[in-house]
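# Analysis of the macromolecular model
In case you want the letters, here they are:
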Amino acid sequence: MKKLLHLLTCLSLTGFSLSLTISCSNKPIVNIVKTNIETIFTDNYIELPYWMDINGENILSIIRKTYPELKKCKLRLVYSTTVWELHVDKSDLYFEGIKYFNIIINEQIPILPTIKKELKQVFVNTDIVLFDENEINETNIIKRIKEMYPELNFMNLYLEKINETHWELSIEENEIFYQGSVVLNVTIYKEEQMPGFLVNVASIIKDNSFIEVKTNNEQGILNSIYKQAPELENRLLVTDIEDMGVVDQDKLETHLFEAILVVSDDDQQYFGGVSVKYYFDVNVKQDLNSLIVNPHILLRENEEIIQANILNKIILDYPELKTEDLVLKYLSNTQWELSISENNSDYQGSVVLNVTIYKEEQMPGFLVNVASIIKDNSFIEVKTNNEQGILNSIYKQAPELENRLLVTDIEDMGVVDQDKLETHLFEAILVVSDDDQQYFGGVLVKYYFDVNV
């Protein structure tokens, strides 16, 4: 009996039933009634995102995400010429059966909402502001509405004039996504009055667009967005980050991520939200010695060579690092080993630092990281798409760097907007001359250029 009670205690009873038979010889026999996976996996298809490779690993990942009850089930896939088969391994204690299903790419399957969205829910601000040159008429109002609310771009909208400033907007009855009507306040504002006008953030950051991030966290995403749209700085919140999975079986470390950005509720200038996507190598970390290209740490005469002062100087020169992740080890009077916590998601390894105290009059020899003057991954504006054009742009921003930089690479990253095929994004790498006695390091800059102009 004790053995039986122990067995009952250890078994999780979720997803299957258990019955007990006592034989004539008083030896207990436990019968587990397994759950057929068809009672859980009820649809006859699964959806794969259009960007995801159709392979066993990705399909199983989607199945387990859609049906979390099957996360620990021992599953294997079999593909025939017409249908996929999901088999439960015979050794599985809790599940059994075979499920037949098809694969559908989600762009090919319009998922109809069960409840239509009210137009009043779309318009967080019912003021429609037109510029001086626009007349208040149906065509201009609908054009402005679709600029402010891109989700209504392909909808059949109708306007009915109530009075000089108020119009009722409604939508076609057979529209599958929206319903109802909303009364809009339509006015014309002069340019100097425009600051009070709320702007949809989706008109600045394209919904579902791709960005490039350096650190896979909220601040890393915001930093990337603020580089593209500095006018949005300190106005956005990241409400969700989701790992969408592997995108290439030859590079298992590269995952696609999606993040949702929204404007702060109390913002007086912007509203709305967007989804952005980015790729990130989840297992790849940058070595510390590739970040700290100059291992010389120079302290002033009034600063002691102690851990706190050295860390403060490191953080000042390399703001990507955080004090709580860094460990300093004393090697000698002039050398310290800097290492980083294994929990840090961006950097790894260690680097030996040469720590020296300089008198005030000797400080002009102190090397300055060029990234503290020209922000890495920042956008610039160039007039000519060549090395000199890039340098001219940089020297206007930072004249102290004139004749100190070299352009080592220019790369055309391709078209950024399908509506403007001539506009390409370019990236260039700038480095300080090796023999420079005042600056060191390098940065990457980006710029847009019309290749046919």
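Residues numbered from 1 in each chain as written. Predicted model: local features only at pLDDT ≥ 70, side-chain atom pairs only at ≥ 80, totals over all residues. Heavy atoms only, no water.

## Thoughts on the overall build of the chain
The helix and strand inventory of the chain stands at 8 helices and 32 strands. In the chain, which comprises 453 residues, the share counted as buried stands at 36%. (Helix = DSSP H or I, 4+ residues; strand = E, 2+ residues; numbered from the N terminus. Buried < 20%, exposed > 50% of the residue type's maximum accessible area, 1.4 Å probe, protein only.)

## Details of the sheet that holds strand β30 (residues 423-432)
Two pairing modes exist for strands in a sheet, parallel and antiparallel, and in both the strands are linked by backbone hydrogen bonds. A sheet is described by the order of its strands in space; here 4 strands give the open sequence β28-β32-β30-β29, paired in mixed fashion. Only two strands of the sheet have a single neighbouring strand rather than two, namely β28 (378-379) and β29 (405-415). The pairing of β28 with strand β32 (residues 442-450) spans 2 bridges and is classified as parallel. Looking across to β32, one finds that Phe379 is bridged to Lys446. (Pairing = 2+ DSSP bridges.)

## What about the pattern of salt bridges?
Counted under the stated rule, the structure contains 8 salt bridges. Here Glu258 and Lys277 are joined by a salt bridge, their closest N and O atoms 3.9 Å apart. With a gap of 19 residues between them, Glu258 in strand β18 (residues 254-263) and Lys277 in strand β20 (residues 273-281) connect regions that are remote in the sequence. A relative accessible area of 21% places Glu258 in the partly exposed class. (Salt bridge = Lys/Arg side-chain N within 4 Å of Asp/Glu carboxyl O.)

## Notes on the packing of aromatic side chains
This model, assessed by the stated rule, comprises 7 aromatic pairs. Taking the centre distance of 5.3 Å and the plane angle of 85° together, the rings of Tyr330 and Trp336 count as edge-to-face. Between Phe379 and Tyr448, the aromatic rings sit 5.3 Å apart at their centres with planes inclined by 25°, giving stacked as the arrangement. In this pair, Phe379 is assigned in strand β28 and Tyr448 in strand β32, connecting sequence segments 69 residues apart. Taking relative accessible area as the criterion, Phe379 reaches 26% and is therefore assigned partly exposed. Counting every residue linked through ring pairs, the aromatic cluster contains Phe41, Tyr67 and Phe101. Directly above the aromatic system of Phe41 lies the positively charged group of Lys99, at a separation of 5.4 Å from the ring centroid. (Phe/Tyr/Trp six-rings, centres within 6.5 Å; stacked < 30°, edge-to-face > 60°. Lys NZ or Arg CZ within 6 Å of the ring centre and 35° of its normal.)

## Overview of helix α5 (residues 218-228)
For α5, every residue scored as buried is listed here: Gly220, Ile221, Leu222, Ser224, Ile225 and Tyr226. On its buried face, α5 sits against β17 (236-246), β18 and β20. For α5, the side-chain oxygen to backbone nitrogen distance between the N-cap and Gln219 is 3.3 Å, and the N-cap itself is Asn217. (Contact = heavy atoms within 4.5 Å. Polar contact = N/O pair within 3.5 Å; in protein donor to acceptor, adjacent residues only side chain to side chain.)

## Description of helix α2 (residues 56-66)
Within α2, the full set of buried residues consists of Asn58, Ile59, Leu60, Ile62 and Ile63. Tucked into the core, α2 has its buried residues touching β4 (45-48), β5 (75-79), β6 (84-88), β8 (98-105) and β17.

## Some words on unusual backbone geometry
Both trends apply: most residues other than glycine have a negative phi, and most peptide bonds are in trans. Backbone geometry places Asn208, a non-glycine residue, at a positive phi of 65°. Its place among the elements puts Asn208 in the loop between β15 (199-200) and β16 (209-210). Although it is not a glycine, Asn403 sits at a positive phi angle of roughly 65°.

## Focus: the side chain of Asn344
With respect to the helices and strands, Asn344 occurs in the loop between β24 (335-340) and β25 (347-348). What makes Asn344 buried here is its relative accessible area of 9%. A distance of 2.9 Å separates the side chain of Asn344 from the backbone nitrogen of Tyr347, its partner in a polar contact. Among all residues touching Asn344, those that are not within four sequence positions of it are Lys285 and Asp325.

## Side note on the environment of Thr334
Along the chain, Thr334 turns up in the loop between β23 (326-330) and β24. Given the relative accessible area of 44%, Thr334 is considered partly exposed. Along the primary structure Thr334 and Asn354 are separated by 20 residues, whereas in three dimensions their C-alpha atoms are 5.6 Å apart.

## Brief notes about the nonpolar core
Membership of the largest hydrophobic core comes to 23 residues, with the highest contact counts inside it found for Phe123, Ile128, Ile145, Leu152 and Leu169. Counting only elements with at least two residues in this core, the list comes to α3 (119-122), β10 (127-130), α4 (138-148), β11 (157-161), β12 (166-171) and β14 (181-188). Sort the elements by how many residues they give to this core and α4 lands first, with 4 residues. Residue contacts for Phe123: discarding those within four places in its chain leaves Ile128, Ile145, Tyr149, Leu152, Leu169, Val182 and Leu184. Grouped together as the second largest cluster of nonpolar side chains are 22 residues, Ile205, Ile225, Leu232 and Phe280 included. (Core = buried A, V, L, I, M, F, W, Y, C linked by side-chain atoms within 4.5 Å.)

## Overview of the pairing of β23
The pairing of β23 with β24 spans 5 bridges and is antiparallel. What sits directly across from Lys329, in β24, is Glu337. With antiparallel pairing between neighbouring strands as the criterion, β23 and β24 make up a hairpin whose turn holds 4 residues.

## Concerning the sheet that holds β14
If you walk across this open sheet you meet the 4 strands as β10-β14-β12-β11, and the pairing is mixed. This sheet does not close on itself; its edge strands, each paired only once, are β10 and β11. Going from strand to strand, the sheet's axes swing by 35° on average, the running direction of each strand aside. When β11 meets β12, the two strands line up antiparallel, connected through 5 bridges. Residue pairing in the sheet places Leu157 in a bridge with Ile171 of β12. (Axes fitted to C-alpha atoms, helices over the stretch in contact; angles between N-to-C directions.)

## A few points about the side chain of His255
Tracing the sequence through the fold places His255 in strand β18. Accessibility expressed as a relative area gives 14% for His255, which makes it buried. Side-chain polar atoms of His255 contact the side chain of Asp243, separated by 2.8 Å. Other than its neighbours up to four places away in sequence, His255 contacts Asp243, Gly245, Val246, Tyr278, Tyr279, Phe280 and Val282.

Nothing here speaks to function; it is geometry throughout.
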